[in-house]
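Residue-level listing of the chains:
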Amino acid sequence: MENNFNETYLRTLVKGDLQGDFAPFLTHETYEVEGYIQQMLGRLKDRKDIKIHADFTAYGSGFASYINVKITKKDRSDTVFSKKGNFDAETKNSLILYISLLAPYWFFGGASWTENYLEGKYQGGSMPFLRPEDNSKYDKTIWQEEIDFITQHFDEYRYRLLTQTELEPFLDFEIDIPTIIADKPYQIFDCFFYWED
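A short tour of the structure in this document, coming up. Bear in mind the structure is a predicted one, so any value in this text is a computation, not a measurement.

So, the overall build of the protein
Step number 1: Along the protein, the regular secondary structure elements total 5 helices and 9 strands.
Step number 2: Helices and strands in the protein line up, N terminus first, as α-α-β-β-β-β-β-β-β-α-β-α-α-β.
Step number 3: By the compact-globule yardstick of 16 Å for 197 residues, the protein fits well, its C-alpha radius of gyration being 17 Å.
Step number 4: Per-residue burial for the protein yields a buried fraction of 48% across its 197 residues.
Step number 5: Taken as a whole, the protein presents about 10000 Å² of accessible surface, with 48% of it coming from carbon and sulfur.
Step number 6: For the protein, the distance from the average site of its 21 positive side-chain charges to the average site of its 33 negative ones is 7 Å.

This is the structure we're talking about:
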């Protein structure tokens, strides 16, 4: 698919219309794209060194233009353990992927989030949202091989990795984006990845 991130293309994404020249995007049904992404992620789960957690619920409410995927190490080498009162806290220094539901593009960034447990039961935690500059915020010494593998795997499904350089320019036109994870002035990133609660 040719890159054409002009105003018309970006406005179409913000309207929630699918863009792509192959199935499932030609169906114009996001549930078909979700099925395609589930299949794409299914093969990643075969890897023995990483854990994949994909959120297909739009964070539990509203509409997200993307699927949020957390990737952690199975050996927990990306995790720092601590105590907070009665809670056991796990801080993950891992990867987050955003896989677009609207066009065959994805993005990743390094991120840190916390999960709290009480007597082994999950009690909640914190979760950051990615921005374009997060693309370079990961430990290459422990993640580069996995990123190369994921990129090659997604390429086989015709999903292309967006770069920080492509996503960070500010829009040169006025638009209202139904998102609570960014404020004006919007960047190209915000047309691809937005969440309306």
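What to know about helix H2 (residues 30–44)
Step number 1: Here H2 contains 15 residues, and its C-alpha end-to-end distance of 21 Å stays within 8% of the 21 Å for a straight helix at 1.5 Å per residue.
Step number 2: For H2, the complete set of buried residues consists of Val33, Tyr36, Ile37, Met40, Leu41 and Leu44. What you see down the axis of H2 is that its buried residues fit within an arc of 130°, all on one side.
Step number 3: Looking at the packing, one finds that the buried side of H2 touches strand S1 (50–55), strand S3 (66–73), strand S5 (87–100) and helix H3 (140–156).

Points about the pairing of S3
Within a regular strand, side chains alternate between the sheet's two faces.
Step number 1: With 8 of 8 residues buried, S3 is to be regarded as a mostly interior element.
Step number 2: Burial of S3 is two-sided: the residues Tyr66, Asn68, Lys70 and Thr72 facing one way and the residues Ile67, Val69, Ile71 and Lys73 facing the other way are all buried.
Step number 3: Note: S1 against S3, 6 bridges, orientation antiparallel. When the bridges of S3 are listed, His53 appears paired with Lys70.
Step number 4: Judged from the 6 bridges that link them, S3 and S5 form a sheet pairing that is antiparallel. Across the sheet, the residue bridging to Ile71 is Leu95, located in S5.

Section: unusual backbone geometry
Step number 1: A cis amide bond links Ala23 to the next residue, Pro24, at an omega of 15°.
Step number 2: For Pro24, the location among the structural elements is in the loop between helix H1 (7–14) and H2.
Step number 3: With omega at 0°, the peptide bond leading from Lys184 into Pro185 counts as cis.
Step number 4: With respect to the helices and strands, Pro185 occurs in the loop between helix H4 (164–167) and helix H5 (188–192).
Step number 5: We note that His28 has phi near 60°; this positive angle belongs to a residue other than glycine.
Step number 6: With respect to the helices, strands and loops of the structure, His28 is situated in the loop between H1 and H2.
Step number 7: Its relative accessible area of 55% is what places His28 among the exposed residues.

What to know about H3
Working note: α-helix, 3.6 residues per turn, so residues spaced by three or four point in the same direction.
Step number 1: For H3, spanning 17 residues, the distance from its first C-alpha to its last is 23 Å, which sits close to the expected 24 Å at 1.5 Å a residue.
Step number 2: Of the residues making up H3, those classed as buried are Trp143, Glu146, Ile147, Ile150, Thr151, His153 and Phe154.
Step number 3: Those residues of H3 hidden inside the fold are in contact with H2, S1, S3, S5, strand S6 (105–118) and strand S8 (160–161).
Step number 4: Where H3 terminates, the next one or two residues include Arg158, which has phi positive at roughly 70°.

Observations concerning the environment of Glu119
Step number 1: With respect to the helices and strands, Glu119 occurs in the loop between S6 and strand S7 (121–125).
Step number 2: For Glu119 and Leu167, which are 48 residues apart along the polypeptide, the C-alpha to C-alpha distance reads 42 Å.

So, the pairing of strand S4 (residues 79–84)
Step number 1: Of the pairings in the sheet, the one linking S4 to S5 comprises 6 bridges and is antiparallel in character. When the bridges of S5 are listed, Ser82 appears paired with Ala89.

What about the pattern of salt bridges?
Step number 1: All chains considered together, the criterion is met by 16 salt bridges.
Step number 2: Between Arg43 and Glu156 there is a salt bridge, with the nearest N and O atoms lying 3.5 Å from each other. Placement of Arg43 in helix H2 and of Glu156 in helix H3 is noted, with a sequence separation of 113 residues between them.
Step number 3: Glu156 gets classed as partly exposed once you look at its relative accessible area, which sits at 48%.
Step number 4: Where Glu90 meets Lys92, a salt bridge forms, and the shortest distance between an N and an O atom there is 3.0 Å.
Step number 5: By relative accessible area, Glu90 is classed as buried at 10%.
Step number 6: Overall, the relative accessible area of 7% leaves Lys92 in the buried class.

What counts as what
- Position labels on residues start from 1 in each chain and follow its written sequence.
- With pLDDT at 70 or above as the cut-off, local features in this predicted model cover only qualifying residues; side-chain atom pairs require 80 or more to be listed or tallied, and sums for whole chains, interfaces and linings still use all residues.
- Derived side-chain values reflect all non-hydrogen atoms in the structure, with water molecules and hydrogen atoms excluded from consideration.
- Each helix corresponds to a stretch of at least 4 residues labelled H or I by DSSP, and each strand to a stretch of at least 2 residues labelled E; elements are numbered beginning at the N terminus.
- Atoms considered for the radius of gyration are the C-alpha atoms alone. The globule rule reads 2.2 Å times the number of residues to the power 0.38.
- Accessible area is worked out with a 1.4 Å probe on protein chains only. A residue is then buried under 20% of its type maximum, exposed over 50%, and partly exposed in between.
- Every accessible area reported is derived by Shrake-Rupley at a probe size of 1.4 Å, with residue values counting cover from the shown protein chains alone.
- When charges are counted, Lys and Arg contribute as positive and Asp and Glu as negative, whereas His and the chain ends are disregarded.
- Here the site of a charge means NZ on Lys, CZ on Arg, CG on Asp, or CD on Glu.
- One fewer than the residue count of a helix, multiplied by 1.5 Å, yields its expected span.
- Think of it as the arc spanned by the lines of direction from the helix axis to the C-beta atoms.
- What makes two residues a contact is simply this: any of their non-hydrogen atoms within 4.5 Å.
- Pairing between two strands requires that DSSP report at least two bridges joining them.
- By definition here, a salt bridge exists when the distance from a side-chain nitrogen of Lys or Arg to a carboxyl oxygen of Asp or Glu is within 4 Å.

It is worth stressing that arrangement in space is one thing and function is another; only the former is reported here.
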